[in-house]
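As a plain string of letters, each chain reads:
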Amino acid sequence: MAARVKRDEEAWAGEQPSRFALPLLVLAALVSAAIVIYAAGDAVLAAGFAATVLALAALLSWYHRLAFSETTEGEVAPDWTVARAAADASGMAIAVTDRSGRLVCASDRFGEWFPGFPAPPNITTDPTLLDSLSAAARLAWRDGDGRVEGLTQGALRLDVDVCRTGRAEDYLLWRFSPVRQPSALDDVHRLLTGEAGRQMGEAGVMAVMIGGEGRIRAANGAFLLRAAGRIDANITGRDFATHMRVDDKGQLFLAREESGGLPLRLLQVPLRRAVQPGATQGGGQDGPMLLLLIDEPAGSAGGTTSLSYIETLLSLLPFGLAMADRDGRILFLNGAFSRAAGLKRGDKPVYPGDLVAREDQAAVADAVRRFAVGPQMSGDIAVRMRDQPDEPTALSLAGVRGLGEAAVLLSLKDNSEESKLKRQVAQATKMQAIGQLAGGVAHDFNNILTAIIGHCDLMLMRHTPGDSDYDDLQQIKSNSNRAAGLTRQLLAFSRQQTLRPQVLQLPDIVADVSNLLKRLLGEAVKLEVSHGRNLGAVRADPGQLEQVIVNLAVNARDAMVDGGTLNIQTYAVPAAKVRDLRQEILPAADYTALRVSDTGLGIPPDILSKIFEPFFTTKELGKGTGLGLSTVYGIVKQSGGYIFAESELGRGASFVIYLPVYQGADVEQTAQPKTPIRRSETWGSGTVLLVEDEDMVRAVAERALSRQGYKVLTANDGEQGLEVLAGGEKIDLLISDVVMPNMDGPSMVARARHSHPDLPVLFMSGYAEEQLRKSIDIANVAFLPKPFSVSQLAEAARDALAMNPAAE
C-alpha cells in the first residue's frame, strides 16, 4: 500500500512541470533563432533550427496529452493515505483489495493481526478457511457482500465481512471483527437486574455497575428509586457522578436527597473484563466496577458498623465470598464459601492459607498481601483445597477500600457437584481400562486352563476309579474348574462373558430369587421387597441378574453384623425424571430401576470409589475374593445398564441399577431355538484342520480329536491354515482360534470360503461370543468357549460336522 501511495505521488509530481514544457520550448526556439541570426547572419539556418525545436516541442506535447488521457480516462487513483488514516482512526482491522487481488490499503490493526500484510483471502493456511474466504470474495464480487464466521487467528476468533465498494465498484473492502467473549460484566448485569438485585435492595443495599468512563451500565431497584425517584427509571449511560454529591466533610450523599439524607458508605469492587483483542487483562480504578452503596448510621466512626452491613449483604448472596484484612486474617465468610471450602458448620479458619494444601499456602498468602496493599485490582489463582488436594480450584481475589479493616474480597466457587461428576467420569474411565486388562488376563488364563483340563481328561482316560493317581487327577481337574469359574467372573467384570438375554420383568426375577435370599440372609436380617407400578420390560440374562441380586444381598448381609433390614425395590424411572437427576453419565431415557439397600455400617468415602474394582475387598483374608461387586458391575454394563453406589457412614448403603426399558418388548416374536442334533456317540471320522497359535492348546486338542477317530492336520496361524487347505487333501471340518498373529481366524475363514464354500467351521476362543460376533459374522460356523474339556471338544466337533449338508 505504501508503494502504491508513493507511485501516485510521483505521477502527480511529474505532471506539474509538463504543463509548462511547451511554452518554454517555443520561447527557447525563438531565442535560439535570434542567437543564430545574430551569430551567423544566416536567416535560413536560424529558421531551420527554430523549426526543429518546435517539432520537438510538438512531439513532447502530443506524448504528454496521450499519457495524461490514459491516466484520466482510465482508473483515477484514489488517495489511499486518507483511507489508511481513516482506517487507523477507527481501530478496526480493515483491508482493501482490487480486481487482481492485490492489497492496496490496510490498517495498522490488520498488520498486527496478520504480520506481513498478506492480501486476503491468503491470510490463513487452513485449507477450509481459505476456501470459505475465497467463496465470500466471489460472492461479494457477484452480489455485493459476503461473510465468513469463526476465523481463528492465534487466540483471536474473528468474523469477516466482505463488500464491493469504490466509484466503479472495483474494490473489495474486508472488515475483521473479533467475536465478543463472555464477560463477567454480563453476569453482574443479570445479577443487578434480577432477583438477587431485588433482594439486595430489600437489605438496604444500592448496587450500581459503571464502566471505566464512569457511566452507569446497570443498577438495582433500590438505587433507581432513591437516585431517580422511580424504580422503572432509565438512567443507563448517564454519568454516575451526577447522581452523587460530597459535602465539605468529604461525606458522600445522593444528589437527589439534598437534605435529611444519610451519608453513604461506598464499596468499590473492580470487575475484570474479558480478554479482548488489543486490550490488557485485569481490573483497576479505570476499569468497570461494581459499586455498593449503604447508608452509614449517624454517629458511626467508619469501618466497623458499615462492615456489619457488608457482611449481612454477603451472607445473602449465593456466591462463596469472604473478606480478609491487610495481614491476611479472615474477617468474615458466608455459608456458600464454607460449603465450597468443605468447612463444617461453625468452623472459621484464621488465614485463607489454612484452607488449601500445604504447597499452596505461601502462594495464597503472597496473593492476599499483594491485593491488600497495592492498587485496587482483581485476579484469580489456582489452588488445591486441603480436603481435595487432587482437584485444582480457582480462588478469586479483589482489593477493596473504604471498609475499615477489610482489604481483600475472596471468592471461591462451590464445585462439589462438578467434582462429583468428574469423579464419576474418571471412575467409569478407570473401570473401562481395568476391564480391558482383566479381559486380556482372563483370555490368556483360559488358554492355560484349556491345556490343563485337556491333559487331565486324557490322563483320566487311562485310569479307572481306584487307581492311585485317579483321585489326584480328579482334584487337579476340580481345581482347574474352580479357576475357570474365576476367569468367568473376570470376563463378567470386563463385559466379555457369554450372555443369553431375554425380555423379562424385574419383579419376576426378584420373586424367583427371594426364597434363596431368605436362606442366605439368615434370621438376623429381615428381607423387605416392594415393587412399583407400570414397570417396563428389560432385556437381560435372567441367570446373570439373579447373580447380581445375590451378590448385592450377600455383601449387605456381611455389612449388617448385628442384623438389620435388606430392602429390594423395583420402580419405573421415566426420561423426564432422568433429566431432573442431571446425571451426565446416565442418558435421558426410560429405565426400570432396581434398588438394593441395607441398614448396615455404610461404606467410607475413600473406599466407595474402589468397590467395583476386581480383587478389592475389605473382608478378612480368606473370606472374600473381591470379585462380587466387580462381577455385578460387569453384568450390569454388559446388559446396557448403569449402577450407582450411595452410602453414608452408620446409615447403610444403597446400590441402584438402571436397566433401559426394552422398546421392542410389545412386538417381539420369540424365536424358537433350533434344536441341535444330538447323538449319544461322539466317535467320528474324517479329516479335521486344527488352527491354533498356542502350542499347548493345539497339542491337547490334536490328541483329543485323534482319540475320537479323526485325522488331524495342524497349523500355527491363518496363513499356514490356508496353505494346508490348498494342499489338495479333502478337509471335512475346520477348527480355528479367533485371535491369532499374522492372520486371525475370521480372515482365514473368509478367504477359505472362496474355494470351500460348504466347509463347516468351529471357532474356539477365550473371549465371549458376543464380543467377537462382529468379526465372526460368517454363515455356517459354530462357537466353543475356552476352557473346554475333551468331551466338550468332541461334542462340538460332532455337532459342527452335523451342520454340513454333505455329511447327512
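Just so we're clear, the structure is a prediction, and the values are computed from it rather than from any experiment. Along every chain, residues carry numbers that run from 1 in the direction the sequence is written. At least 70 in pLDDT is required for a residue's local features to be given in this predicted model, at least 80 for side-chain atom pairs to be given and counted, and no such filter applies to totals for whole chains, interfaces and linings, which use all residues. Side-chain numbers here rest on the full set of heavy atoms in the structure, without hydrogens or water.

### Notes on the overall build of the chain
Piece 1. In this description a helix means any DSSP run of H or I spanning at least four residues, a strand means any run of E spanning at least two, and both kinds are numbered starting from the N terminus. Helix and strand counts for the chain stand at 24 helices and 28 strands.
Piece 2. Summary of the burial criterion: residues with accessible area below 20% of their type's maximum are buried, those above 50% are exposed, and those between are partly exposed, where the area comes from a 1.4 Å probe applied to protein chains only. Counting only residues that meet the buried cut, the chain has 43% of its 808 residues in that class.
Piece 3. Note on contacts: a residue pair is in contact if any heavy atoms of the two residues lie within 4.5 Å. Nonlocal contacts in the chain, meaning residues at least 24 apart in sequence, comprise 60% of its contacts between residues at least 6 apart.
Piece 4. The accessible surface values rely on the Shrake-Rupley method and a 1.4 Å probe; as for residues, cover is taken only from the protein chains in view. Counting every atom, the chain has about 42900 Å² of accessible surface; 53% of that belongs to carbon and sulfur.

### Points about the environment of glycine 634
Piece 1. Along the chain, glycine 634 falls in helix 19 (residues 628–638).
Piece 2. The class of glycine 634 is buried, set by a relative accessible area of 0%.
Piece 3. A sequence separation of 86 residues divides glycine 634 from valine 548, and the C-alpha atoms of the two residues are 9.7 Å apart.

### Quick notes on helix 24 (residues 790–802)
Along an α-helix, residues three or four apart share an orientation, since each turn contains 3.6 residues.
Piece 1. Multiplying 1.5 Å by the helix residue count minus one yields the expected span of that helix. The first and last C-alpha atoms of helix 24 sit 19 Å apart over 13 residues, in line with the 18 Å expected at 1.5 Å per residue.
Piece 2. Extensive coverage of helix 24 is indicated by the burial of 10 of its 13 residues.
Piece 3. Buried within helix 24 are the following residues: Val790, Leu793, Ala794, Ala796, Ala797, Arg798, Asp799, Ala800, Leu801 and Ala802.

### Quick word on the nonpolar core
Piece 1. Core analysis: the largest hydrophobic core is formed by 35 residues, its most contacted members being Ile549, Leu552, Leu566, Leu594, Ile643, Phe655 and Ile657.
Piece 2. Secondary structure elements with two or more residues in this core: helix 15 (506–521), strand 19 (538–540), helix 16 (542–559), strand 20 (564–573), strand 21 (591–598), helix 19 and strand 23 (653–660).
Piece 3. Sorting elements by how many residues they give to this core places helix 16 first, with 7 residues.
Piece 4. Discounting residues that sit within four places of it in the chain, leucine 594 has contacts with Leu506, Val510, Ile549, Ile568, Gln569, Thr570, Phe655, Val656 and Ile657.
Piece 5. Throughout this description, the term nonpolar core refers to a set of buried Ala, Val, Leu, Ile, Met, Phe, Trp, Tyr and Cys residues connected via side-chain atoms within 4.5 Å. Membership of the second largest hydrophobic core comes to 26 residues, among which are Ile294, Leu314, Ala398 and Val400.

### A few points about the pattern of salt bridges
Piece 1. Criterion for a salt bridge: a side-chain nitrogen of Lys or Arg within 4 Å of a carboxyl oxygen of Asp or Glu. Counted by the stated rule, this structure contains 25 salt bridges.
Piece 2. The salt bridge involving aspartate 98 is made with arginine 102; its shortest N-O contact spans 2.9 Å.
Piece 3. Given a relative accessible area of 8%, aspartate 98 falls into the buried group.
Piece 4. On the basis of relative accessible area, arginine 102 is assigned to the partly exposed category, the value being 46%.
Piece 5. A salt bridge links aspartate 732 to lysine 730, with the shortest nitrogen-to-oxygen separation between them at 2.4 Å.
Piece 6. According to the relative accessible area criterion, lysine 730 is exposed, its value standing at 59%.
Piece 7. Linked through salt bridges whose partners overlap, the residues forming this network are Arg147, Glu149, Asp159 and Asp161.

### A look at a nonpolar patch on the surface
Piece 1. Only residues whose relative accessible area exceeds 30% and that take part in no salt bridge are eligible for patches, with like-charged residues grouped when within 9 Å of each other and nonpolar side chains (Val, Leu, Ile, Met, Phe, Trp, Tyr) grouped when within 5 Å. Judged by side-chain polarity, Phe445, Ile448, Ile452, Ile476 and Met696 come together as a nonpolar surface patch covering roughly 360 Å² of accessible area.
Piece 2. The biggest single contributor to the nonpolar patch is helix 13 (residues 416–460), with 3 residues.
Piece 3. On the secondary structure map, methionine 696 appears in helix 20 (residues 695–707).
Piece 4. Under the relative-accessibility criterion, methionine 696 is labelled partly exposed at 32%.

### Considerations on the confidence of the model for the chain
Piece 1. What pLDDT reports is the predictor's confidence in each residue, on a scale of 0 through 100. When pLDDT is averaged along the chain, the result is 76; 70% of the residues meet or exceed 70.
Piece 2. Note that residues 1–18 has pLDDT below 50 and, in this model, 19 contacts with residues that lie over four places away or in other chains.
Piece 3. Across residues 298–304, confidence stays below pLDDT 50; counting only partners more than four residues off in sequence or on other chains, it has 7 contacts.

### Here we look at the packing of helix 15 against helix 16
Piece 1. Only C-alpha atoms enter the line fits that serve as axes; for helices the fit covers just the stretch in contact. Angles between N-to-C directions range over 0 to 180 degrees. Two elements in contact, helix 15 and helix 16, have axes whose closest approach is 10 Å; the angle formed by their N-to-C orientations is 40°. Taken together, helix 15 and helix 16 sit at an angle that is classed as oblique. For the element pair helix 15 and helix 16, the recorded crossing hand is right-handed. Contact residues: Leu506, Ile509, Val510, Asp512, Val513, Leu516, Leu517, Leu520 and Leu521 in helix 15; Pro542, Leu545, Glu546, Ile549, Val550, Ala553, Val554 and Arg557 in helix 16.
Piece 2. Residue composition of the contact of helix 15 with helix 16, by class: 14 nonpolar, no polar and 3 charged. These descriptions rest on fixed angle ranges, namely under 35 degrees for roughly parallel, over 145 for roughly antiparallel, 65 to 115 for roughly perpendicular, and the rest for oblique. Crossings are classed by handedness, with left-handed meaning an anticlockwise turn of the near helix from the far one by less than a right angle and right-handed meaning a clockwise turn. Nonpolar residues are Ala, Val, Leu, Ile, Met, Phe, Trp, Tyr, Cys and Pro. Charged residues are Asp, Glu, Lys and Arg, and all others, Gly as well, are polar.

### Digging into the environment of glycine 543
Piece 1. As for its placement among the helices and strands, glycine 543 is situated in helix 16.
Piece 2. Relative accessible area serves as the criterion here: at 39%, glycine 543 is assigned to the partly exposed category.
Piece 3. With 30 residues separating them in the primary sequence, glycine 543 and valine 513 have C-alpha atoms 9.9 Å apart.

### Describing the sheet that holds strand 3 (residues 145–153)
Piece 1. In this scheme, strands are said to pair when DSSP sees at least two bridges between them. Here we have 5 strands laid out as an open sheet, ordered 2-1-5-4-3, and antiparallel in their pairing. Here the strands that pair on one side only, and so sit at the sheet edges, are strand 2 (103–106) and strand 3. The average angle at which neighbouring strand axes cross in this sheet is 20°, direction not considered.
Piece 2. Note that strand 1 (residues 93–98) and strand 2 share 3 bridges and pair antiparallel. Paired with alanine 95 across the strands is alanine 106, a residue of strand 2.
Piece 3. Contacting strand 1, strand 3, strand 4 (156–165) and strand 5 (171–178), helix 6 (residues 127–143) crosses the sheet at an angle of about 160° to strand 3.

### Notes on unusual backbone geometry
Piece 1. With an omega dihedral of 5°, the bond running from proline 120 to proline 121 counts as a cis peptide bond.
Piece 2. Secondary-structure assignment places proline 121 in the loop between helix 5 (108–113) and helix 6.
Piece 3. Positive phi values are uncommon outside glycine, yet phenylalanine 117 reaches one of about 50°.
Piece 4. Mapped onto the secondary structure, phenylalanine 117 falls in the loop between helix 5 and helix 6.
Piece 5. A positive phi angle is found at asparagine 534, which is not glycine, with a value near 55°.
Piece 6. Locating asparagine 534 in the fold gives a position in the loop between strand 18 (525–531) and strand 19.
Piece 7. Residue asparagine 534 is classed as exposed on the basis of its relative accessible area of 76%.

### Concerning the sheet that holds strand 20
Piece 1. Taken in spatial order, the 5 strands line up as 18-20-21-23-22 in an open sheet, and their pairing is mixed. In the strand order of this sheet, the two ends are held by strand 18 and strand 22 (642–647), each with one partner. Going across the sheet, the axis of each strand differs from the next one's by a mean of 15°, ignoring polarity.
Piece 2. Note that strand 18 and strand 20 share 7 bridges and pair parallel. Looking across to strand 20, one finds that leucine 527 is bridged to leucine 566.
Piece 3. Along the sheet, helix 16 makes contact with strand 18, strand 20, strand 21 and strand 23, crossing strand 23 at roughly 170°.

### Here's the deal with the packing of aromatic side chains
Piece 1. The pairing test for Phe, Tyr and Trp rings, Trp by its six-membered ring, is centres within 6.5 Å, and the orientation test on the planes gives stacked under 30 degrees, edge-to-face over 60, and tilted for anything in between. This structure, assessed with the given rule, holds 8 aromatic pairs.
Piece 2. For the pair phenylalanine 223 and phenylalanine 240, a centre-to-centre distance of 6.0 Å together with 25° between the ring planes defines the contact as stacked. Separated by 17 residues along the polypeptide, phenylalanine 223 in helix 9 (residues 221–228) and phenylalanine 240 in the loop between helix 9 and strand 8 (244–246) bring together distant segments of the chain. Summarising the burial analysis for this pair, phenylalanine 223 and phenylalanine 240 share the class buried.
Piece 3. A connected cluster of aromatic rings, assembled from ring pairs, spans Phe110, Phe114, Phe117 and Phe176.

### Re the packing of helix 21 (residues 718–725) against helix 22 (residues 745–755)
In helix packing, the relevant descriptors are the interaxial angle and the interaxial distance, both defined with respect to the helix axes.
Piece 1. Close contact between helix 21 and helix 22 brings their axes to 9 Å; oriented N to C, the two are set at 20°. Between helix 21 and helix 22, the crossing angle belongs to the class labelled roughly parallel. Helix-helix and strand crossings are classified by hand; for helix 21 and helix 22 the assignment is right-handed. On the side of helix 21, the interface is formed by Gly718, Gly721, Leu722 and Leu725, while helix 22 contributes Met748, Arg751 and Ala752.
Piece 2. Class assignment of the residues belonging to the contact of helix 21 with helix 22 gives a composition of 4 nonpolar, 2 polar and 1 charged.

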